Amino acid sequence: MNSLSITTRKSLMLFSGRAYPELADEVGKYLDVSVTPQSAYDFANGEIFVRFEESVRGSDAFLIQSCGVPINTWVMETLIMIDALKRASAKRITVVLPFYPYARQDKKHRGREPISARLISDLLRTAGAQRLMTVDLHTDQIQGFFDGPVDHLFAQPLLTGYIGARYVDDSLTVVSPDSGRVRTAERWADRLGGAPIAFIHKTRDPSRPNQVVANRVVGDVDGRTCIVVDDMIDTGGTISKAVKQVLEAGAKKVIVAATHGVLSDPAAERLANSGAIEVVLTNTLDIPPAHQFEQLTVLSIAPLIAKAIHEVFEDGSVTSLFDS
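First things first, this report covers the structure right here in the doc.

### Side note on the side chain of T134
Relative to the elements of secondary structure, T134 occurs in strand β6 (residues 131–135). Residue class for T134 comes out buried when judged on its relative accessible area of 1%. Within the structure, the side chain of T134 is placed 2.6 Å from the backbone oxygen of L97, a separation counted as a polar contact. When sequence neighbours within four positions are dropped, the list of residues in contact with T134 reads L97, P98, Y100, D151, H152 and L153.

Structure below.
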C-alpha cells in the first residue's frame, strides 16, 4: 500500500482594511510580503462587503487596520474581514490594531456607563480573532480584556530615540500634562538617561464641577527644553494648554510627543499655535494633509510592527524587541 507523504509549510499572509492601506503596504515591504488583494465596497445603505481574491486556507493571517475616522465604519469592517478569514479556513488570525478603538472607555466612572474597550475585545474574539497586536494602549489593563494572546508594542523607544538624538545637547525635562500620566513621563525619563520630570497640577473649585480653575507646573522646567508627552492627541486642548503653562513657567522651549495622532478638529490649529517648536507623532493613524502643520514630525511605526509580526510568525519573542 502506498502511503501519502504530507509536508506542511507555514504561510504568512498580510491583509489590510481600507482605513489606512499605506501603513499595511509599508509593513509588507519590511516583511517582503505583498498585501493580499481583496474586493471591498459599501452597499448603498452602508453595508460593507469584503472578499479576498486569493485562497487563505491554512495561512497565518495578519490583518492590519488603523481605526481612524469614521471609527465605527472601520471597526465593523475589521469584524467582517475577520469573519471572512475564519470562514475561508485561515489557520490563525492575528488582528493588528495600531490604534485600539474605544480605548478611553476602559472602566466605569459612574453608574450606567459601558466599558466599551472590553466590548471591542469581545467582538474581535467572537468574530474569530485568535491574537491581538496593538501599540501603546491607553491603559495596560485593556490587555486583559481580550481572551487570547496580546502583543502590546511600545512606540516609546522610537520617539525617545529620535528626540534624544535631535536634542542631545539640551537640558531635558519630561512633562506630563496631568498627574494621571506621570508614570508615562517616568518611563520617558528613564529612556532619556534619567531626565527630571514635571507635571501639570490641576486645582479644582468644589463649587464649580467639571471645571479646572487653576493650574501650576510642579517640577523644574525653568530654562530647560521640556517634552510634553502623552499616548494620544485628540482635539489637542489639554496638550496645548500644557505647552503654554510650561512656557509661562520659564521653559526655554517645548516639544510635544505622542504615539497616536487622532487630531480631531481643531487640533492642528491648536498645536500649530501652542508655542511648541516641534510636535512628534507616529503614523499609527493616517494624518491627512489638512491636519498637518509646519512643526509636525511623523515617525513610521511600520518597522516595529513588521518585526513583531515576524517574531509571532516564527514563534519568537516580541518582548525581546523592547529589551534594553
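We are not done yet, so read on.
### Considering the side chain of T78
The residue T78 is located in helix α2 (residues 71–87) in this model. At a separation of 2.7 Å, a polar atom in the side chain of T78 contacts the main-chain carbonyl oxygen of W74. Contact partners of T78, with chain neighbours within four places excluded, come to L63, Q65, C67, V95, L97 and L124.

### So, the pattern of salt bridges
Pairing between side chains becomes possible if they bear opposite charge and their charged atoms approach one another. As enumerated under the stated definition, the model contains 17 salt bridges in all. Connected through salt bridges with shared partners, the residues R18, D42 and E77 form a single ionic network.

### What about the sheet that holds strand β1 (residues 12–16)?
Across the sheet, five strands lie side by side as β1-β4-β5-β6-β7; this open sheet has parallel pairing. Of all the strands in the sheet, just β1 and β7 (150–153) have a single pairing partner and so form its edges. Between one strand axis and the next, the sheet turns by 15° as a mean value, whatever way the strands run. Taken together, the four bridges between strand β5 (residues 92–97) and β6 define a ladder with parallel strand orientation. Within β6, the residue paired with V96 across the bridge is M133. Contacting β1 and β4 (60–64), helix α1 (residues 21–31) runs over the sheet at an angle of about 160° to β1.

### A few points about the environment of P303
Tracing the chain through its elements places P303 in helix α8 (residues 302–313). Sequence separation between P303 and G28 is 275 residues, and the spatial gap between their C-alpha atoms is 9.7 Å.

### Brief notes about the environment of D106
Within the secondary structure, D106 is located in the loop between β5 and α3 (116–127). Sequence separation of D106 and Q141 is 35 residues, and the distance between their C-alpha atoms is 8.0 Å. Non-local contacts of D106, meaning those with residues more than four positions away in its chain, are made with I115, A117, T139, Q141, I142 and F145.

### What about the packing of α1 against α8?
Two elements in contact, α1 and α8, have axes separated by 8 Å at closest approach and are oriented at 55°. Overall, the two elements α1 and α8 adopt an arrangement that is oblique. As for the relative orientation of α1 and α8, their crossing is right-handed in sense. In this structure, α1 uses L23, E26, V27, Y30 and L31 to contact α8, whose residues at the interface are A302, P303, I305, A306, I309 and H310.

Here is what the cut-offs are and how they apply
- Residues numbered from 1 in each chain as written.
- Predicted model: local features only at pLDDT ≥ 70, side-chain atom pairs only at ≥ 80, totals over all residues.
- Heavy atoms only, no water.
- Helix = DSSP H or I, 4+ residues; strand = E, 2+ residues; numbered from the N terminus.
- Buried < 20%, exposed > 50% of the residue type's maximum accessible area, 1.4 Å probe, protein only.
- Polar contact = N/O pair within 3.5 Å; in protein donor to acceptor, adjacent residues only side chain to side chain.
- Contact = heavy atoms within 4.5 Å.
- Salt bridge = Lys/Arg side-chain N within 4 Å of Asp/Glu carboxyl O.
- Pairing = 2+ DSSP bridges.
- Axes fitted to C-alpha atoms, helices over the stretch in contact; angles between N-to-C directions.
- Parallel < 35°, antiparallel > 145°, perpendicular 65-115°, else oblique.
- Left-handed = near helix turned anticlockwise from the far one by under 90°.

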